[in-house]
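Listed here are the chains, written in short residue letters.
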Number of protein chains: 2
Amino acid sequence: MKRYGQVIRVKPEMVEKYIELHANPWPEVIAQIKACNIQNYSIFMLENHTLFAYFEYVGNDFEADMKRMAADPMTQKWWKETDPCQESLGLEPGEWWHNMREVFHCD
Amino acid sequence: MKRYGQVIRVKPEMVEKYIELHANPWPEVIAQIKACNIQNYSIFMLENHTLFAYFEYVGNDFEADMKRMAADPMTQKWWKETDPCQESLGLEPGEWWHNMREVFHCD
């Protein structure tokens, strides 16, 4: 299992929409997340400007699973709703969410 | 079980010390964390300026457990090392780490 900590900006004017979408996520999107070996996935909001995600990846090919997720039509439709709410930090070329470095873990 | 997402700044000049301390945390401090009903505790670093923590609280009186942790002499000694590395966002009166709002969760 590999733990991921990720960060992205939320546009202040889209905060309410973002919260509403994520309070009632589409069942097909949740099913796809699980099918792509992601578990225990939480997103936290810092004030009205930054999102912090934590999840656990239990598969053995993260890139292939993420490609599979990106190819799912309902997930694409979901991202059409959520992407305009967010803004990448743009710290790495081509990234959307930014992967942070894990500096501590205690089971 | 309650999930916590927290954020604090790390002082850029203290990043190396912070990483070194947390790569080899003191066993007594880890034991105290577990004794205070905190599990699955990870800290991630964003660039050299911000720390995001995720943990799961499995007790039933978080404030009492945090008081107990703060009264532990080895934890106090540990915090004497780690506190000077950090700087609170100061978003709430008296806070150290800032508790974020959970906006999404998927098991």
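Remember, predicted model here, so these are calculated numbers, not experimental data.

### Overview of the pattern of salt bridges
All names here are of chain B. Applying the stated criterion to the full structure yields 6 salt bridges over all chains. Among the ionic pairs, Arg3 bridges to Glu102, the shortest N-O distance being 2.9 Å. Taken together, the residues Arg3 in strand E1 (residues 2–10) and Glu102 in strand E6 (residues 101–106) connect sequence positions 99 residues apart. Linking Arg68 and Asp65 is a salt bridge whose minimum nitrogen-to-oxygen distance equals 2.4 Å. Here Asp65 and Arg68 lie together in helix H3 (residues 62–70), a separation of 3 residues that amounts to about one turn. Owing to a relative accessible area of 40%, Arg68 belongs among the partly exposed residues under this scheme. The exposure class assigned to Asp65 is buried, which follows from its relative accessible area of 7%.

### A word on the interface of chain B and chain A
Facing the 37 residues of chain B at the interface are 36 residues of chain A. Between chain B and chain A, the buried area comes to about 3,300 Å², and carbon and sulfur atoms account for 68% of it. Of all residues in chain B, the largest losses of buried area upon contact with chain A belong to Phe44, Val103 and Phe104 of chain B, amounting jointly to 24% of the total for that side. Between chain B and chain A we count 0 salt bridges in total. There are 18 residue pairs in polar contact (both at pLDDT 80 or more) connecting chain B and chain A. Mapped onto the side of chain B that touches chain A, the elements with two or more residues apiece are E1, helix H1 (15–23), helix H2 (27–35), strand E2 (38–46), strand E3 (50–57) and E6 of chain B. At 8 residues, E2 of chain B tops the list of elements feeding residues into the side of chain B that touches chain A.

### Focus: the environment of Lys11 of chain B
Residues and elements named next belong to chain B. Secondary-structure assignment places Lys11 in the loop between E1 and H1. Using a relative accessible area of 25% as the deciding quantity, one classes Lys11 as partly exposed. Note: C-alpha distance between Lys11 and His49 (38 residues apart in sequence) is 6.2 Å. In contact with Lys11, other than residues within four places in its own chain, are Pro84, Cys85 and Gln86.

Conventions and cut-offs
- Residues numbered from 1 in each chain as written.
- Chains lettered and ligands numbered in written order.
- Predicted model: local features only at pLDDT ≥ 70, side-chain atom pairs only at ≥ 80, totals over all residues.
- Heavy atoms only, no water.
- Salt bridge = Lys/Arg side-chain N within 4 Å of Asp/Glu carboxyl O.
- Helix = DSSP H or I, 4+ residues; strand = E, 2+ residues; numbered from the N terminus.
- Buried < 20%, exposed > 50% of the residue type's maximum accessible area, 1.4 Å probe, protein only.
- Contact = heavy atoms within 4.5 Å.
- Buried area = accessible area lost by both parts, 1.4 Å probe.
- Polar contact = N/O pair within 3.5 Å; in protein donor to acceptor, adjacent residues only side chain to side chain.

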